[in-house]
Amino acid sequence: MTGVFAMLALLAPTAALDNGVGILPPLGYNTWNALGCSGMSEASVRAAAETLVKTGLRELGYRYVNLDDCWQDPNGRDPWTGEIRPDLTRFPSGMKGLADYLHGTGLLFGIYTDRGLLTCAGRVGSLGHVMQDAQTFASWDVDYVKEDNCYSSTGPNDEDMLFYQFGLFRDALNSTGRSIFFSVCGGGSQLPLANLSYYATDPRGGKNLANAWRVAPDCVEWLTCRWGSAVASRLYDVAGLGGFNDPDMLLASSKGAARRLTPKHSRTQFSLWAILMAPMLIGARLELLDSFDLETYSNSEVLAVSQDALGRQGMMLAQQPSIFEFPFSVWGRPLGDGSWAVLFLNDSPILMTISCDADCWAKLPFAAGTRLHVRDLWTHGEADRPLATVGVPYSVDVPSWGASVMLKFRRTNRQLIAV
Ligand code: GLA
């Protein structure tokens, strides 16, 4: 350990995350994929909030309205007090005004900062102002803070400094006495396809540090989203109630958004994120959502998987092992009522029949020969093959190019009574 790090270790924050919020994965909206930097404005955020109410999404649990980068004054902090300031041209009511409006609408308010000197989009970061910013955010009645990883003085991958600085912010938030969901993020600058799983597995990270921690670089199109889901899957055992692996935000498919997926991919992303117990922050221009997207985000059966109170993350159960054959995978998550949500995902260019075979069944806790009811969580009825027998391959036809079928396997009533 160098002298500097020995000193950091002595000063190192010791408290663990202790904020009592974020027991289940957060549901809501984040501005980044919808508006980017140039589209940020109070009017757009209010339009998103109004749409959450009008569409019934708020009633389904989507309560966080989170500002990402570019809410800050482009001219920096107040030169006299050092306080962080909002861009009042774009947010004329200021942050407290916006928070009051959101709280009055039954929503929660999230904000974004960075542990470095600047944020990823070049606005002012929290370096050197940790306690002051935490107090400012608390005074604005902020409910959620995402802290990013750009422009750190020692680079984005200096793990000691990273955990030290994120830990300082966690403690500063704790010390405000306000319960604030804390999400740590890194992924903008570690491309190509860095594996950020140390955020989850290091004893200074994971649930000791935050309510959610990014595990992969930004999910900006289908391949990066699939990469994030694969990394999150391998980390299934570190997540739990109050702490979640974060493969990044939902991209949706709405027109006018800064980033988006095809409708089919966005639906698969939503299903996968539910299996992975991931934060579900919609990154769409909500007022431009079409009926397909609205149906996606309103699916109460998939939301029930996301919000399942058992709090066990799902994982990939099986995949096509040969690179010479078309790729597919089967994913599963155990649920509080003893059932399992199972997703069949086809990444190939042709319609495929995907099976839960012997290896896949072996990953599930049901005894061989058990009869299971199978429900389709997207058609809201029995699956095409409504009964499965544990150990006997169970097959599903799945359309091409990233489509998926999401099912729920549960013991038949007779067996439930017998156990
Ligand atoms: C990074 C993060 C993104 C977003 C942008 C904002 O790239 O990973 O999620 O917050 O910064 O500049």
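As the structure is a prediction and not an experimental result, all values here were calculated from the model.

**Observations concerning the nonpolar core**
Generally speaking, nonpolar side chains in soluble globular proteins are found buried as a group.
Part 1 of the reasoning: With 85 residues, the main nonpolar core has Trp71 and Met406 as its most contacted residues.
Part 2 of the reasoning: For this core, the element with the most residues is helix 6 (residues 159-176), which contributes 6 residues.
Part 3 of the reasoning: Dropping the residues within four chain positions of it, Trp71 is found in contact with Met40, Ile84, Arg85, Pro86, Asp87, Phe91, Met95, Ile111, Tyr112, Phe137 and Trp140.
Part 4 of the reasoning: In terms of nonpolar packing, the next biggest core, distinct from the first, is built from 27 residues, Met315, Val342, Trp361 and Leu372 among them.

**Points about the confidence of the model for the protein chain**
Part 1 of the reasoning: Mean pLDDT over the protein chain: 92, with 93% of residues reaching 70 or higher.
Part 2 of the reasoning: Low pLDDT, under 50, characterises residues 1-11; the predicted model gives this stretch 8 contacts beyond four residues in sequence or across chains.

**Examining unusual backbone geometry**
Part 1 of the reasoning: For Asp141, which is not a glycine, the phi torsion comes out positive at approximately 65°.
Part 2 of the reasoning: With respect to the helices, strands and loops of the structure, Asp141 is situated in the loop between helix 5 (130-139) and strand 4 (144-148).
Part 3 of the reasoning: Residue classification places Asp141 among the partly exposed residues on the basis of a relative accessible area of 22%.
Part 4 of the reasoning: Phi is positive for His380, which is not a glycine, with a value near 60°.
Part 5 of the reasoning: With respect to the element layout, His380 can be found in the loop between strand 13 (371-376) and strand 14 (381-389).
Part 6 of the reasoning: A relative accessible area of 42% places His380 in the partly exposed class.

**Points about the sheet that holds strand 1 (residues 27-30)**
Part 1 of the reasoning: Here we have 8 strands laid out as an open sheet, ordered 7-6-5-4-3-2-1-8, and parallel in their pairing. For this open sheet the edge positions go to strand 7 (244-246) and strand 8 (280-282), each flanked by a neighbour on one side alone. Adjacent strand axes in the sheet meet at a mean angle of 25° when their direction is disregarded.
Part 2 of the reasoning: By the bridge criterion, 3 bridges tie strand 2 (residues 64-66) to strand 3 (residues 108-114) in an arrangement that is parallel. Bridge pairing in strand 3 links Tyr64 to Leu108.

**Some thoughts on the site of the ligand**
Part 1 of the reasoning: Within the structure, the ligand sits among 13 residues, and Asp68, Asp69, Lys146, Asp148 and Asp218 are positioned closest to it.
Part 2 of the reasoning: Separating an oxygen atom of the ligand from a side-chain N or O atom of Asp148 is a distance of 3.0 Å.
Part 3 of the reasoning: Between Arg214 and the ligand, the recorded distance is 3.5 Å, taken from a side-chain N or O atom to an oxygen atom.
Part 4 of the reasoning: Protein contacts shield 95% of the accessible area of the ligand, which totals 310 Å² for the unbound molecule.
Part 5 of the reasoning: The residue makeup of the shell around the ligand, split by class, is 6 nonpolar, 1 polar and 6 charged.

The rules behind each value
- Residues numbered from 1 in each chain as written.
- Predicted model: local features only at pLDDT ≥ 70, side-chain atom pairs only at ≥ 80, totals over all residues.
- Heavy atoms only, no water.
- Core = buried A, V, L, I, M, F, W, Y, C linked by side-chain atoms within 4.5 Å.
- Buried < 20%, exposed > 50% of the residue type's maximum accessible area, 1.4 Å probe, protein only.
- Helix = DSSP H or I, 4+ residues; strand = E, 2+ residues; numbered from the N terminus.
- Contact = heavy atoms within 4.5 Å.
- pLDDT = per-residue confidence, 0-100.
- Pairing = 2+ DSSP bridges.
- Axes fitted to C-alpha atoms, helices over the stretch in contact; angles between N-to-C directions.
- Near = heavy atom within 4 Å.
- Polar contact = N/O pair within 3.5 Å; in protein donor to acceptor, adjacent residues only side chain to side chain.
- Areas by Shrake-Rupley, 256 points an atom, 1.4 Å probe, with all protein chains shown as cover.
- Nonpolar A, V, L, I, M, F, W, Y, C, P; charged D, E, K, R; others polar.

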